[in-house]
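Observations on the three-dimensional arrangement
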Amino acid sequence: HITMKKLLSIIAALLICMGTQAQIVSSRSSIVRTEKQSSNTQWFVRGGMNLMNLSGDAAEDLKSKMGYNVMLGFTKNLGAQGAYWGMDFGLTSRGFKVEGEGDDIKSIAHAVQVSPFTFGWEFDVTDAISIDPHIGAFVSCDYTSKMKGDGEDISWSDFADYSEVDYNRFDAGLNLGVGVWYDRFNLDFSYQRGFIDVFTDLDGVKSSNFMIRLGVAF
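Thresholds, definitions, all that
- Here, residues in each chain are numbered from 1, in the same order as that chain's written sequence.
- Only residues with pLDDT of at least 70 are given local features in this predicted model, and only at 80 or more are side-chain atom pairs given and counted; all residues enter the totals for whole chains, interfaces and linings.
- The basis for every side-chain value is the complete set of non-hydrogen atoms in the structure, without hydrogens or water.
- In this description a helix means any DSSP run of H or I spanning at least four residues, a strand means any run of E spanning at least two, and both kinds are numbered starting from the N terminus.
- The cut-offs for exposure are 20% and 50% of the maximum accessible area for each residue type, with area from a 1.4 Å probe on protein chains only; residues under the lower value are buried, those over the upper are exposed, and the others partly exposed.
- We call two residues in contact whenever any of their non-hydrogen atoms come within 4.5 Å of each other.
- The Shrake-Rupley method, run with a 1.4 Å probe sphere, supplies the accessible areas, and residue values consider only the shown protein chains as cover.
- Nitrogen and oxygen atoms within 3.5 Å of one another constitute a polar contact, given that in protein one can donate a hydrogen and the other can accept it, and given that sequence-neighbouring residues count only through two side-chain atoms.
- To form a nonpolar core, buried Ala, Val, Leu, Ile, Met, Phe, Trp, Tyr and Cys residues must be joined to one another through side-chain atoms within 4.5 Å.
- Salt bridge, as used here, is a side-chain nitrogen of Lys or Arg placed within 4 Å of a carboxyl oxygen of Asp or Glu.
- Only Phe, Tyr and Trp rings take part, Trp by its six-membered ring, and two of them pair if their centres are within 6.5 Å. Stacked means planes under 30 degrees apart, edge-to-face means over 60, and tilted covers everything else.
- pLDDT gives the predictor's per-residue confidence on a scale running from 0 to 100.
- Should DSSP find at least two bridges between two strands, the strands are regarded as paired.
- Patches in this entry comprise residues that are over 30% relatively accessible and not in a salt bridge; like charges within 9 Å are linked, as are nonpolar side chains (Val, Leu, Ile, Met, Phe, Trp, Tyr) within 5 Å.
- Charge convention: Lys and Arg are scored as positive, Asp and Glu as negative, and His as well as the terminal groups of each chain are ignored.
- One atom stands in for each charge, and that atom is NZ of Lys, CZ of Arg, CG of Asp or CD of Glu.

**Some points on the overall build of the chain**
Within the chain, the regular secondary structure consists of two helices and 10 strands. Listed by position from the N terminus, the elements making up the chain come as α-β-β-β-β-β-β-β-α-β-β-β. Taken across its 218 residues, the chain has 33% of its residues classed as buried. Residue pairs at least 24 apart in sequence account for 62% of intrachain contacts in the chain once pairs closer than 6 positions are excluded. As presented, the chain carries roughly 13300 Å² of accessible surface, and 62% of it is formed by carbon and sulfur atoms.

Okay, here's the thing in structure tokens:
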């Protein structure tokens, strides 16, 4: 009986050691997996409505017009505290509306946009929810435009020629926003301000957009 008790004690000790070792290995594997995940590039697609307008002295009577913004991009972590940098590119619009006694004038330009760098910081609220303030730069180029009113359609270039000003297809400026992530899904609010005059010699009117977009990471 003494020998059997010793044998059972040895077996029990071995089982405890094996269980402890398994937990250590599992924990290490979990840490390694988490580290690998945190170093991966996260891609996302984001799109939604764009409340377009112009800013400047000559834009005081202009009204916002509904547009769009659709982007594909990625973010990559900077360290392990939530900071990141990223890029995105896609299609967007800019424009404005004039409300008058007759027909309203509705104006929109469609553009290709690239944000070469964006910096942000995700703050975890819970395991699944995080807040994402971010700031970045953008460049864009209009590929077509339309100004509709008084029964006729003209391009922004035609308007510029008629007004004896120059139309700048290119724009560059600043993006500033905050988003909320729930797992892989994102709700983002961003303000976009252009730094280049849309029409030169027209009291410095610049693009001014407010975007509300939904996104998903993959």
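**Brief notes about the side chain of Ser93**
Along the chain, Ser93 falls in strand β3 (residues 83–98). Judged by relative accessible area, Ser93 falls into the buried class, the value being 2%. At 3.0 Å, the side chain of Ser93 forms a polar contact with the backbone nitrogen of Tyr68. What Ser93 contacts, discounting residues up to four positions off in sequence, is Asn50, Met52, Gly67, Tyr68, Ile108, Ala109 and Asn209.

**A short note on the side chain of Asp188**
Among the secondary structure elements, Asp188 is positioned in strand β9 (residues 185–194). Here Asp188 falls in the buried class, since its relative accessible area comes to 0%. A distance of 2.7 Å separates a polar atom in the side chain of Asp188 from a polar atom in the side chain of His134. Side-chain polar atoms of Asp188 contact the side chain of Ser190, separated by 2.6 Å. Residues within four places of Asp188 in sequence aside, it is in contact with Arg46, His134, Val178, Gly179, Met211, Ile212 and Arg213.

**A word on the environment of Glu122**
Inspection of the secondary structure puts Glu122 in the loop between β4 (105–121) and β5 (123–124). Using a relative accessible area of 23% as the deciding quantity, one classes Glu122 as partly exposed. For the pair Glu122 and Val180, spaced 58 residues apart in sequence, the C-alpha to C-alpha distance is 9.0 Å. Leaving out residues up to four positions away in the same chain, Glu122 has contacts with Gln81, Gly82, Tyr84, Ser130, Ile131, Asp132 and Trp181. Side chain to side chain, Glu122 and Ser130 meet in a polar contact 3.1 Å long.

**Here we look at the nonpolar core**
Leu54, Phe96, Trp156, Tyr167, Val198, Phe199 and Val205 are the most contacted members of the largest nonpolar core, which totals 13 residues. Apart from the residues lying within four places of it in its own chain, the contact partners of Val198 are Leu54, Arg94, Trp156, Asp166, Tyr167, Asn168, Val205, Lys206 and Ser207.

**Here's the deal with the pattern of salt bridges**
Overall, the coordinates contain five salt bridges when judged by the stated rule. The salt bridge partner of Arg94 is Asp171, with a shortest N-O separation of 3.5 Å. With a gap of 77 residues between them, Arg94 in strand β3 and Asp171 in strand β8 (residues 170–182) connect regions that are remote in the sequence. Considered together, Arg94 and Asp171 belong to a single accessibility category, that of buried residues.

**Examining the packing of aromatic side chains**
Using the criterion set out here, one finds nine aromatic pairs in the structure. Note on Trp43 and Phe74: the rings are 5.3 Å apart at their centroids and 55° apart in plane angle, and the pair reads as tilted. Of the two residues, Trp43 is situated in strand β1 (residues 42–55) and Phe74 in strand β2 (residues 65–77); the sequence distance between them amounts to 31 residues. On the basis of relative accessible area, Trp43 is assigned to the partly exposed category, the value being 36%.

**Describing the confidence of the model for the chain**
For the chain, per-residue confidence averages 86 on the pLDDT scale, and 82% of positions sit at 70 or higher. Note on residues 24–37: pLDDT is under 50 here. Beyond four places in sequence and across chains, it has zero contacts.

**Regarding the pairing of β1**
Where β1 lies against β2, 11 bridges are found, and the strand directions are antiparallel. Note on β2: the bridge partner recorded for Val45 is Leu72. Here β1 pairs with strand β10 (residues 206–217) via 12 bridges, running antiparallel. Note that in β10 the partner of Asn50 across the bridge is Met211.

**A look at a negative patch on the surface**
A cluster of acidic residues, Asp103, Asp104, Asp150, Glu152 and Asp153, forms a negative patch at the surface. Among the structural elements, Asp150 can be located in the loop between β6 (129–149) and β7 (152–154).

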